[in-house]
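Listed here are the chains, written in short residue letters.
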Amino acid sequence: RLPVKAEVQRSPSLGGRPLVIAHGAGSRRVVLDASTHAQGVNPGMLLSEALSQCKNAILVEPDPVYYRSVFGLALDAIEALGADVEEENLGHATVQVAGLELLYGGEDRLIEALLLAVPRFLAPRIGVGPSKFVASVAAHQAKPGHSSRAPSDLQAFLDPLPVNLLPVPWQTIAKLHGFGLRTLG
């Protein structure tokens, strides 16, 4: 939710409101990001579908240069800790921390240093897991400003979670929903 958080940081009056950021042109405008107050709106869905889900949405034109700048500052701060950072997409990065826990006095302290490195208004979440996808899902489960570790029983962890967590276009998620598939299990 980096674009929404960046917009709220820039214009605090948008906080707590159903904010939708869409890009594209004409009937092909697509949701880039939406606040949690925009119920039923997900990134990747058509704007027309989003507005039918959330009729009181506040539309904001995207500012990709600003978002990239905000994210770049966060990535720079993480890299300054000595971590190897790989950007997955805007607002989502994978951090390779193998060996760094020794420098920070343990994994818990390293995770705390990572959370503190990212600007507070971004409310970062860290997920720890055996793969990028599992770590991403664990991060999604974390409270803002905290971390979460995937348990050893990955099937029990992943099975009840929504297919919306899959790193695929919204159209694919919509098709899965159309087939009655709602959870990863």
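Heads up: the structure comes first, above all this text.
So, a few notes on the structure that sits alongside this text. Computed from a predicted model, the values in this text were never measured in an experiment.

Taken as a whole and assessed by the stated rule, the structure comprises eight salt bridges. The salt bridge partner of Arg1 is Asp33, with a shortest N-O separation of 3.3 Å. Of the two residues, Arg1 sits in the segment before α1 (2-10) while Asp33 sits in strand β2 (residues 30-34), which places them 32 residues apart along the sequence. Since its relative accessible area comes to 3%, Asp33 is described here as buried. Each of the salt bridges in this network shares a partner with another, and the network as a whole consists of Glu7, Arg10 and Asp63.

Now for the packing of α1 against helix α3 (residues 64-79). Two elements in contact, α1 and α3, have axes whose closest approach is 10 Å; the angle formed by their N-to-C orientations is 95°. As summarised for this structure, α1 and α3 are arranged roughly perpendicular, according to the angle between their axes. Side by side, α1 and α3 meet where Leu2, Pro3, Ala6, Glu7, Gln9 and Arg10 of the first sit next to Tyr66, Tyr67, Val70 and Phe71 of the second. In terms of residue class, the contact of α1 with α3 is built from seven nonpolar, one polar and two charged.

Turning our eyes to something else, we now look at the sheet that holds strand β1 (residues 19-23). Across the sheet, three strands lie side by side as β2-β1-β3; this open sheet has mixed pairing. With one partner strand each, in any of the chains shown, β2 and β3 (58-60) form the two edges of the open sheet. Strand-to-strand twist across the sheet, computed as the mean angle between neighbouring axes with direction ignored, equals 40°. Relative to β2, β1 is paired through four bridges, and the arrangement is antiparallel. Following the sheet pairing, His23 is matched in β2 by Val30.

Conventions used here
Residues numbered from 1 in each chain as written. Predicted model: local features only at pLDDT ≥ 70, side-chain atom pairs only at ≥ 80, totals over all residues. Heavy atoms only, no water. Salt bridge = Lys/Arg side-chain N within 4 Å of Asp/Glu carboxyl O. Helix = DSSP H or I, 4+ residues; strand = E, 2+ residues; numbered from the N terminus. Buried < 20%, exposed > 50% of the residue type's maximum accessible area, 1.4 Å probe, protein only. Axes fitted to C-alpha atoms, helices over the stretch in contact; angles between N-to-C directions. Parallel < 35°, antiparallel > 145°, perpendicular 65-115°, else oblique. Contact = heavy atoms within 4.5 Å. Nonpolar A, V, L, I, M, F, W, Y, C, P; charged D, E, K, R; others polar. Pairing = 2+ DSSP bridges.

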